[in-house]
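Close look at the chain arrangement
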Amino acid sequence: MRISVVVFVVLAAAASRAQQMEPIQNPSARQGASLNGRWQALMDPYEAGYYDFHLNPIKDGGLGANRVPANKGDKFELVFLPATPTLAVPGDWNTQRPELLWYEGTIWYRHEFDYAPPATPRRQFLWFGAANYQAVVFVNGKKLGQHEGGFTPFQFEVTGLLKEHGNAVIVKVDNQRHADAVPPTMTDWWNYGGLTRDVKLVDVPETFIQDYQVQLEKGSGDRVAGWVRLNGARKRQKVAIRIAEANASVTVETGEDGYARFAFPAALSLWSPENPKLYAVAVEAETDRVQERIGFRSIAVSGTKILLNGKPVFLRGVAIHAEAPFRSGRVFSEADARTLLGWAKEMGCNFVRLAHYPHDEAMTRLADEMGLLVWSEIPVYWAVQWENAAVYARAERQLAEMIARDRNRASVVFWSMANETPLGEARTKFLSSLAAKARELDSTRLITAATLPHTGAPNTIVLDDPLGKALDVLGCNEYIGWYDGSPEKADRTSFQNTYDKPLVMSEFGAEAPYGNHGDENTAWTEEYQANVYRHQLPMLQRIPFLQGMAAWILMDFRCPRRFLSGVQDYYNRKGLLSDRGEKKQAYYVLRDFYHSTVATAR
Ligand code: GCU
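Read on for a plain summary of the structure. (Residues numbered from 1 in each chain as written. Predicted model: local features only at pLDDT ≥ 70, side-chain atom pairs only at ≥ 80, totals over all residues. Heavy atoms only, no water.)

Its location among the elements puts N132 in the loop between β5 (122-128) and β6 (134-139). On the basis of relative accessibility, which here comes to 6%, the residue N132 falls in the buried class. A polar contact is formed between the side chain of N132 and the side chain of N191, at a distance of 3.2 Å. Of the polar contacts made by the side chain of N132, one reaches the backbone oxygen of Y192; its length is 2.6 Å. Each residue touching N132, except ones within four places of it in the same chain, is listed here: G150, F151, V173, D174, N175, N191, Y192, G193, G194 and T196. (Helix = DSSP H or I, 4+ residues; strand = E, 2+ residues; numbered from the N terminus. Buried < 20%, exposed > 50% of the residue type's maximum accessible area, 1.4 Å probe, protein only. Polar contact = N/O pair within 3.5 Å; in protein donor to acceptor, adjacent residues only side chain to side chain. Contact = heavy atoms within 4.5 Å.)

What follows is the structure, encoded as C-alpha cells:
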C-alpha cells in the first residue's frame, strides 16, 4: 500500500474511532429525540451502493452520500428516491417482508429528521441500540464510522453536523455471516438482520456524565461503591451521587481525566427476586445530571454455593432467545420482554439465561423490576477462530459493550464468556483472557460459560473443562434423554466436579411441536418431551454442587438448522411453550417442580 494511502487509512481509522467513543450510560434518561419509525430501505445484495464495479469503495460514500438528482438529465443511480419502500425501525427486516425472511446481505436505511438547535451549546450523538451485524453510518452525506457486533449499543457524535431541517441519517447494515465474526457462520438461531433496536438522537451538555457504575461495594451489604466519568472540556467537577430515599450521598471531585471513584455507607433494602427493590439514584455534576432506578445486592460464591446477599440461593431458571412471542422476529419492545419474563415468573423462575447474546435493554431493566436473576452472554458460540487476534478483539469489544450497558442492573449476576466451545489450548486461552477482561471491567459479578459435558466412566459426567479454572461458576449443557441416550439414562447418571465451584446446568431439554401427541417413547411428542423432564429433574436434584438450572428453552424459536417438515419447519421446538404461547406438557412438569419446595438452596 502506498505511503499516502497508508496515512489516509490510519487517519480515517482514528477519525472513526474518535467518532465512536465508549457508550453513553443510560441514554433513555437523556434529552433528545427518538428516531424510531418508518425508514426508507433498499436491498443491496451486491453492495453496489458502497463499492464500484472493481470493488473499490466509492469515494463519496455511494448511497451514503445522500445525493439528490441535480436536474432532469441526472443519470446517477445511487439515490434514495421518494418512492423508496420503507421498513419499521426498530425491527429485524426478515419478518417485515416475505422476500426478506432468509435475506443475508446489505440493506441501506435512510431517515430524515429535523433538529431545533438548543439555546446554549450542547452536544449531539446518534445512538443505536443494536444493528445486526455490521453497520456503516452516515449523516448528511458524511461517513461517521462503523460498528461490528449485532447485539450491543453504539453511537457517533454528530455535534455541528446537524441542520434545522432535513437531516439525513443513512445506515448500511450487513448481516452476512463470516467465519471470523462473533458469532461465526454456524449458529442455532435465526440471523435476523437490520436496525433491530431503538435509534435515538441523544442531546447532552458540552461536558456531560458519560458513564458511571453505582453498585454495592464488593463483599459489602451496606456500602455503595462505584465511579463516574465525565466527557468534555470541563473535566474537573464536583459530582454528587445521591440515593435520597436512603438518605445517603457522597460528593467527589473528578480529576483532569474526568474520572472519580467513590464509596459511601448506605442502609439499603437489598434487591432480590423476592424483594426487587429499586432506588432512584441521581448522579449530579456541575454541568449535567442523570437519574435512574438501581437495585443493590451482592453476589458471590463460597465453595460450591452461590450467595445472594450472603445467603445461598438456588437458581430456578429457563433459557430465553430474543425471539418475539406471537409475531416472531427480534424482541425490541418492553411488551415483548414483559410477555417472555412474565411466562418465566409464572413458571416459578427466579433466574433467566438470556442466550446467546446480549438481549434488548428492556429485558434486563424489566428483570430488575420483576425480580429475575440474569445470565448475560456474548455470542462466542461453537466454532470460533480461536487463533485469530481480530476475532479476539471483536469478542472483547462485544464483552465491553455488554458490560458497559448493564453494569448498573442488579438482576445481572453472571457474565458468560461462551457457549459450547470445543476443548483446545487456543480456545481456553482465548476464553480465559476474556474472563480476565470481564473481571477487570466489572469485579462485582460472577464469570461463567456454558461448557459441553465430558463423559468419564460410563454414566458419569465429569466437570473437568480446563476453562473451569478461569470461571467463578461452571455452566454445563447436557441433553440426556434427547441427544444423549434415553430419558431413563438420567436415572443412572451421576456428576463429578473437579472444581470446588458451583454448577449451573445451563441447558437441558427435548423437542416437541405443541399438540403433537403419542406415547412417551415416541420422539417429537409432547409426552416424550415431558418424560425427559420427569427423568432429568430427579437427576439434577441428586447433584450436591448444583446451584442452578436453566431449561432449554422457554419458547420455540426460528432456526435455519431445523429441517423436519411438519415437525420443525425451521423452528427449534424445544420450547416449553410454542411461539404462540401454548403451554406444552413439559411446561407443567417444570412449573410444578419450581413451585415445589425442593427447588431451593442446598
Ligand atoms: C445447544 C446450543 C443451543 C441449541 C441447543 C439445541 O446446546 O447451546 O444454542 O439451540 O443445543 O440443540 O436445541
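On to the site of the ligand. Taken together, 14 residues lie around the ligand, and D188, E420, Y483, E507 and K574 are the ones closest in. Here an oxygen atom of the ligand and a side-chain polar atom of Y381 are 2.7 Å apart. Expressed as a share of its isolated accessible area of 320 Å², the protein-covered part of the ligand is 97%. When its residues are assigned to classes, the shell around the ligand shows five nonpolar, four polar and five charged. (Near = heavy atom within 4 Å. Areas by Shrake-Rupley, 256 points an atom, 1.4 Å probe, with all protein chains shown as cover. Nonpolar A, V, L, I, M, F, W, Y, C, P; charged D, E, K, R; others polar.)

Before going further, it helps to examine the side chain of E361. Looking at the secondary structure, you find E361 in helix α3 (residues 361-370). Using a relative accessible area of 14% as the deciding quantity, one classes E361 as buried. Apart from residues no more than four positions distant in its own chain, E361 is found in contact with R405 and D406.

With that settled, the discussion passes to the sheet that holds strand β2 (residues 37-43). Overall, antiparallel pairing links the six strands, which are arranged β3-β2-β4-β9-β6-β7 in an open sheet. Here the strands that pair on one side only, and so sit at the sheet edges, are β3 (86-89) and β7 (142-148). Direction aside, the axes of adjacent strands within the sheet are offset by 25° on average. Inspection of the sheet shows β6 paired to strand β9 (residues 167-174) by six bridges, in the antiparallel sense. Paired with A135 across the two strands is V173, which belongs to β9. (Pairing = 2+ DSSP bridges. Axes fitted to C-alpha atoms, helices over the stretch in contact; angles between N-to-C directions.)

Our focus in this paragraph is the environment of L100. Tracing the backbone shows L100 in the loop between β3 and β4 (106-113). Assessed through its relative accessible area of 0%, L100 is described here as buried. Along the chain, L100 and A168 lie 68 residues apart, while their C-alpha atoms are 24 Å from each other. Not counting the four nearest positions on each side in its chain, L100 is found in contact with M43, L87, W93, N94 and I107.

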